[in-house]
Amino acid sequence: MADFTTSTHRKRWILNPNDLTRRYQTANQRAVDALQKYGATRVEVQSDGSLTYPGAGGDGENGWKGSLPEHLSIEEELLVRRFYENKIQQVCAAFRLPNKIQATAIMYFKRFYQQWSVMEHDPKNIMLTCIYLACKVEESHVSAEELGKGIQQDPQVVLKNEMIVLQGLEFELIVYTPYRSMEGFIYDLEGLRTAAGFIVDKMMLTDAPLLYPPGQLALAALRIANQEEPKVDLDGYLQDLPEHKRLQHSCVELMAKLDAIQLLVKESKQPLEAEVRHIDRKLKYCRNPSLQDEAKGKRERKTKKGDRKRPPSDVAMANGVHEPLDLNVAHSAKRRQSEGDVMI
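So, a few notes on the structure that sits alongside this text.

Parameters at a glance
Residues numbered from 1 in each chain as written. Predicted model: local features only at pLDDT ≥ 70, side-chain atom pairs only at ≥ 80, totals over all residues. Heavy atoms only, no water. Helix = DSSP H or I, 4+ residues; strand = E, 2+ residues; numbered from the N terminus. Buried < 20%, exposed > 50% of the residue type's maximum accessible area, 1.4 Å probe, protein only. Contact = heavy atoms within 4.5 Å. Areas by Shrake-Rupley, 256 points an atom, 1.4 Å probe, with all protein chains shown as cover. Salt bridge = Lys/Arg side-chain N within 4 Å of Asp/Glu carboxyl O. Axes fitted to C-alpha atoms, helices over the stretch in contact; angles between N-to-C directions. Parallel < 35°, antiparallel > 145°, perpendicular 65-115°, else oblique. Left-handed = near helix turned anticlockwise from the far one by under 90°. Nonpolar A, V, L, I, M, F, W, Y, C, P; charged D, E, K, R; others polar. Arc of directions from axis to C-beta. Phe/Tyr/Trp six-rings, centres within 6.5 Å; stacked < 30°, edge-to-face > 60°. Lys NZ or Arg CZ within 6 Å of the ring centre and 35° of its normal. 1 Å grid on protein atoms, 1.4 Å probe; cavity = no way out; pocket = protein on both sides within 12 Å on 5 of 7 lines; lining within 4 Å. Points joined across faces, edges and corners; volume = space filled by probe spheres on them.

### Focus on the overall build of the chain
Part 1 of the reasoning: For the chain, the helix and strand inventory stands at 18 helices and 2 strands.
Part 2 of the reasoning: Within the span of the chain, comprising 344 residues, buried residues form 47% of the whole.
Part 3 of the reasoning: Here the contacts in the chain between residues at least 6 apart in sequence split such that 72% fall between residues at least 24 apart.
Part 4 of the reasoning: Approximately 17600 Å² of the chain is accessible, and the part contributed by carbon and sulfur atoms is 51%.

Structure below.
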């Protein structure tokens, strides 16, 4: 593997906060514009690079004649991305894949959704393809059939999205992760290995890997771990590090970056399944607005039927209850038949 300082990871995928925010805004606005123009956000990329929006039932302008669903906000898209990043870690753990694979898959997922909105490409399918690609790149191959069978998903979905994910990554597949950098520092700070590893897991679910190089992420993890349970004179180690390792940053600059990373970790919050469930319903309607009218018709028929059997108070309560999101993959097939795709 090439040195990080000359890698595409450093040159093209380490951004400043304003650039990262701008990319998210651009992707979100493109999906919103598509919803207003075509009636749906689900996009397909053709062989010539052109985009079509088949989710509305037509590729032309105003293809969908029904009422438009509410689009996702940038903040809601963030919650969806964080939810599936966490799922990547869970799936990799279930397959007993090493940390470098789950970290690479998460980085692929993060990079892809700098280019696209979750309203345009189903994050569940993209998540699976990112894991599949990470396994191939890190030479720990898991076939699409094995991956799909293990989590009860169609393996063809994984293969179908492989090219669009590669294009979203601009075919730049080398990823440097904090786990590898952390091992380089561990020789000096052996007592912090376990605690820092857990912090890196949490760090991977923030924007930090998109804003800072892996060496700084690893140092931040070690620093946080040492603050929680002091084992070594880490401040003294960090004071000497710029000169000892011939770093480009001064000690003051390095500490400022570590403070910023630590703040990201401290402020990170994993979305609750209940709020993601609500956003997921909006997401399905954006990608295929016909589901909204179908759901409305079912509710109306159910209400009329219930009015004949139950008191009005019971009917009102029933209409206010939504079926919870089922995260048990063993029941996913049954749920898809009744609601369409659900999150795993």
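After that view of the structure, there is still more to cover.
### Brief notes about the pattern of salt bridges
Part 1 of the reasoning: One pass over the full model with this rule turns up 13 salt bridges.
Part 2 of the reasoning: For the salt bridge of Asp280 with Lys284, the shortest nitrogen-to-oxygen distance reads 2.2 Å. Of this pair, Asp280 and Lys284 are both found in helix H15 (residues 273-287), 4 residues apart, which corresponds to roughly one turn of the helix. The residues Asp280 and Lys284 share a single accessibility class, namely buried.
Part 3 of the reasoning: What you see here is one network of salt bridges that share partners, running through Arg82, Glu85, Lys110 and Asp207.

### Digging into the side chain of Lys282
Part 1 of the reasoning: Structurally, Lys282 can be placed in helix H15.
Part 2 of the reasoning: Judged by relative accessible area, which is 9%, Lys282 ranks as buried.
Part 3 of the reasoning: Once residues within four sequence positions are removed from consideration, Lys282 is found in contact with Glu70, His71, Leu72 and Glu76.

### A few points about the environment of Ser181
Part 1 of the reasoning: Positionally, Ser181 belongs in helix H9 (residues 178-186).
Part 2 of the reasoning: Given the relative accessible area of 21%, Ser181 is considered partly exposed.
Part 3 of the reasoning: Once the C-alpha coordinates of Ser181 and Gln216 are considered, the two residues, 35 residues apart in sequence, prove to be 8.6 Å apart.
Part 4 of the reasoning: With sequence-adjacent residues up to four places away left out, Ser181 is seen in contact with Pro214, Gly215 and Ala218.

### Notes on the packing of helix H3 (residues 74-94) against helix H4 (residues 99-115)
Part 1 of the reasoning: Packing of H3 against H4 leaves a shortest axis separation of 9 Å and a crossing angle of 155 degrees. When the axis of H3 is compared with that of H4, the two are roughly antiparallel. Once H3 is placed against H4, the crossing between them reads as right-handed. Across the interface between the two elements, Arg81, Arg82, Tyr84, Glu85, Ile88, Gln89 and Cys92 of H3 pack against Ile101, Gln102, Ala105, Ile106, Phe109, Lys110 and Tyr113 of H4.
Part 2 of the reasoning: Residue composition of the contact of H3 with H4, by class: 8 nonpolar, 2 polar and 4 charged.

### Side note on the environment of Thr194
Part 1 of the reasoning: One can find Thr194 in helix H10 (residues 193-203).
Part 2 of the reasoning: In this structure, the C-alpha to C-alpha distance between Thr194 and Ala225, residues 31 residues apart in sequence, is 8.9 Å.

### Notes on H9
Part 1 of the reasoning: Along H9, the residues that are buried comprise Pro178, Tyr179, Met182, Phe185 and Ile186. In an axial view of H9, the angular spread of the buried residues amounts to 115 degrees, which keeps them on one side of the axis.

### Notes on the packing of aromatic side chains
Each aromatic ring pair is specified by the distance between its two centres and by the angle formed by the two planes.
Part 1 of the reasoning: Evaluation of the coordinates by the stated rule reveals 3 aromatic pairs.
Part 2 of the reasoning: When the centroid spacing of 5.0 Å and the interplanar angle of 85 degrees are considered together, the rings of Phe112 and Tyr113 count as edge-to-face.
Part 3 of the reasoning: You can call Phe112 buried: its relative accessible area is 0%.
Part 4 of the reasoning: Under the relative-accessibility criterion, Tyr113 is labelled buried at 1%.
Part 5 of the reasoning: Members of the aromatic cluster, each reached through a chain of ring pairs, are Phe109, Phe112 and Tyr113.
Part 6 of the reasoning: Sitting over the face of the ring of Tyr24, Arg81 holds its NZ or CZ atom 4.0 Å from the ring centroid.

### Let's talk about the environment of Arg23
Part 1 of the reasoning: Tracing the chain through its elements places Arg23 in helix H2 (residues 17-38).
Part 2 of the reasoning: What makes Arg23 partly exposed here is its relative accessible area of 28%.
Part 3 of the reasoning: Taking the C-alpha atoms as reference points, Arg23 and Ser117, separated by 94 residues in sequence, lie 9.8 Å from one another.
Part 4 of the reasoning: Those residues in contact with Arg23 that lie beyond four places of it in its chain are Arg12, Trp13, Leu15, Gln114 and Gln115.

### Re empty space enclosed by the protein
Part 1 of the reasoning: In total, this model carries 2 cavities of 30 Å³ or more according to the counting rule given.
Part 2 of the reasoning: A volume near 50 Å³ is recorded for the largest cavity.
Part 3 of the reasoning: Around the largest cavity sit His9, Met107, Tyr176, Thr177, Pro178, Met204, Pro209, Tyr212, Pro213, Pro214 and Leu217, which together line it.
Part 4 of the reasoning: For the lining of the largest cavity, the per-class residue count stands at 9 nonpolar, 2 polar and no charged.
Part 5 of the reasoning: In this structure, the second largest cavity spans a volume of roughly 40 Å³.
Part 6 of the reasoning: In terms of lining, the second largest cavity is formed by Tyr24, Ala27, Asn28, Ile74, Glu77, Arg81, Tyr113, Trp116 and Ser117.

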